[in-house]
Amino acid sequence: MAAREVAEVPAAGATVPLEVRIGFAHASVQWIADRCGADLLHVKGAALDPTLVPDRGFSDADVLVRPAHVARVLAELRQHGWELINSFAYGSSFEHSATLRHHDFGLLDLHRLYPGAGPTPEAAFATLWSERRTTTLGGRSCAVPARGAQAALLLLHAARGGADPKAARDVDYLWHRATDDERQQVLDWVDRLDARLGFSVILGELDEHRDDPAYDLWRVAARGGTRMEEWRARVRAARGLRAKAHVAGRSVLVNVEHLTIVRGRPVSRREVIAEFFDRPLRGAREQLARLRSARQGRNR
Amino acid sequence: MTPAFRPAADVGVTVSRDGATVYVARLPAGPILVLDGAGAVIWAEATEGPADGWIDRVADAFDVPASGIAADALAFVHSLCGDGLLDEADAVRAT
């Protein structure tokens, strides 16, 4: 009879389409959440309402976990074949997600907060959770945000996308082509999620928020910047002296998890040390390149 | 309408858009089982259509007499049950 088990890692030529694997990634994390009594929302990607942005591709599964349940879900995932390959601190300048990989199901981004949504991660989750819907992913019933909230979240994601064509397409469908009613729904969710800073990128009004401690984070995310500028923005956005010192101290450490992925094998102590020295130099080189570019621009 | 079988509780199922392939994953940790051809048709008829006459419908799909495939079809679904991927519904009437 025509049945076969698929054991290979997700790769070109694999017999299971990527979207099927990702659907099962959602189902897997939902199974785990159900088992350990955790609340989570499936966001973006396969979980996105297909009427929002037609034919939008995706390459991983994204879930937003109630902050108080994050540690529990992470621990359970690692008990069931999910390998942590990038932790929160090194995931992005917003330190919002950890990345896990599964042999059969591919990549999962586990969000402990959604950049731009607040006023606190707990409040943002509660607001989204209060109007959740369900959809079926990988054969499992999964909670997703309401349609208008999905649009607002995707626009906040696009606000961090810089010149990414996919982000531009999202903005085109969700904002530029949106009806007045759809725009109003988005704006309502932006208000409810205290997301005016991040959303100001979409409206072209980011610079009106220069005094906000997180302004630089959004500026660098939306318009680009050097590694140094990114870390400076992280420090500025961190709340309180202790948090600022923590971020600043970490900026010179080496992301061993990331190095392991890049090299495709465990990294040696020598490589970690080499990276320790190379990283600040790389930041400096980027700064110099930017300065030279600006100088040349002025001399033209 | 009660199907003859249902996917087990710890199983995820995805059917390809053309209906020709069924992907079955053990949850939460895999692996993924791919059913195509006769396997996909048997899964669909055993789990989605009414229990009454599910083997007849499989036979119709391949234009063969039910008597010629009944033993193989039943053996297949029972092997899936044995692997913990399918559960037998309460009242199973094979033909």
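Here is what the cut-offs are and how they apply
Residues numbered from 1 in each chain as written. Chains lettered and ligands numbered in written order. Predicted model: local features only at pLDDT ≥ 70, side-chain atom pairs only at ≥ 80, totals over all residues. Heavy atoms only, no water. Contact = heavy atoms within 4.5 Å. Buried area = accessible area lost by both parts, 1.4 Å probe. Salt bridge = Lys/Arg side-chain N within 4 Å of Asp/Glu carboxyl O. Polar contact = N/O pair within 3.5 Å; in protein donor to acceptor, adjacent residues only side chain to side chain. Helix = DSSP H or I, 4+ residues; strand = E, 2+ residues; numbered from the N terminus. Nonpolar A, V, L, I, M, F, W, Y, C, P; charged D, E, K, R; others polar. Buried < 20%, exposed > 50% of the residue type's maximum accessible area, 1.4 Å probe, protein only. Phe/Tyr/Trp six-rings, centres within 6.5 Å; stacked < 30°, edge-to-face > 60°. Lys NZ or Arg CZ within 6 Å of the ring centre and 35° of its normal. Pairing = 2+ DSSP bridges.

Caption draft 1: Looking closely at the interface of chain B and chain A. With 26 residues of chain B at the interface, the matching set in chain A holds 25 residues. Contact between chain B and chain A buries roughly 2000 Å² in total, counting both sides, with carbon and sulfur atoms accounting for 66%. At the boundary of chain B with chain A, the tally comes to zero salt bridges. Here chain B and chain A share six residue pairs in polar contact (both at pLDDT 80 or more) between them. For the side of chain B that touches chain A, the secondary structure elements donating two or more residues are strand S2 (11–15), strand S3 (21–26), strand S4 (32–36), helix H1 (38–47) and helix H3 (66–82) of chain B. Per-class residue counts for the side of chain B that touches chain A are 17 nonpolar, five polar and four charged.

Caption draft 2: Representation of the pattern of salt bridges. Residue and element names in this part refer to chain A. In total, this model carries 13 salt bridges over all chains according to the counting rule given. Glu 131 serves as the salt-bridge partner of Arg 192, at 2.7 Å between the closest nitrogen and oxygen. Pair noted here: Arg 192 is in helix H7 (residues 180–192) and Glu 131 is in the loop between helix H4 (121–130) and strand S7 (133–137), with a separation of 61 residues, a long-range link. The exposure class of Arg 192 is partly exposed, given its relative accessible area of 37%. Overall, Glu 131 belongs to the partly exposed group, its relative accessible area being 28%.

Caption draft 3: A look at the packing of aromatic side chains. Taken as a whole and assessed by the stated rule, the structure comprises five aromatic pairs over all chains. Judged by centre distance (6.0 Å) and plane angle (85°), the ring pair of B:Phe5 and B:Trp54 falls under edge-to-face. One end of the pair, B:Phe5, is in strand S1 (residues 5–7); the other, B:Trp54, is in helix H2 (residues 54–62), and 49 residues separate them in sequence. Since its relative accessible area comes to 1%, B:Phe5 is described here as buried. Of the aromatic side chains, those joined through ring pairs into one cluster are A:Phe24, A:Trp82 and A:Phe105. The residue whose ring lies beneath A:Arg132 is A:Trp129, and the NZ or CZ to ring-centre distance is 4.0 Å. The ring of A:Tyr173 is capped by A:Arg177, whose NZ or CZ atom sits 4.2 Å from the centre of that ring.

Caption draft 4: Layout of the pairing of S7(A). All names here are of chain A. Sheet topology note: the S7/strand S8 (residues 140–144) ladder contains five bridges and is antiparallel. Across the sheet, residue Thr 134 finds its bridge partner in S8, namely Ala 143. Counting the residues in the hairpin turn of S7 and S8 gives two residues, including Gly 138, whose phi is positive at 60°.

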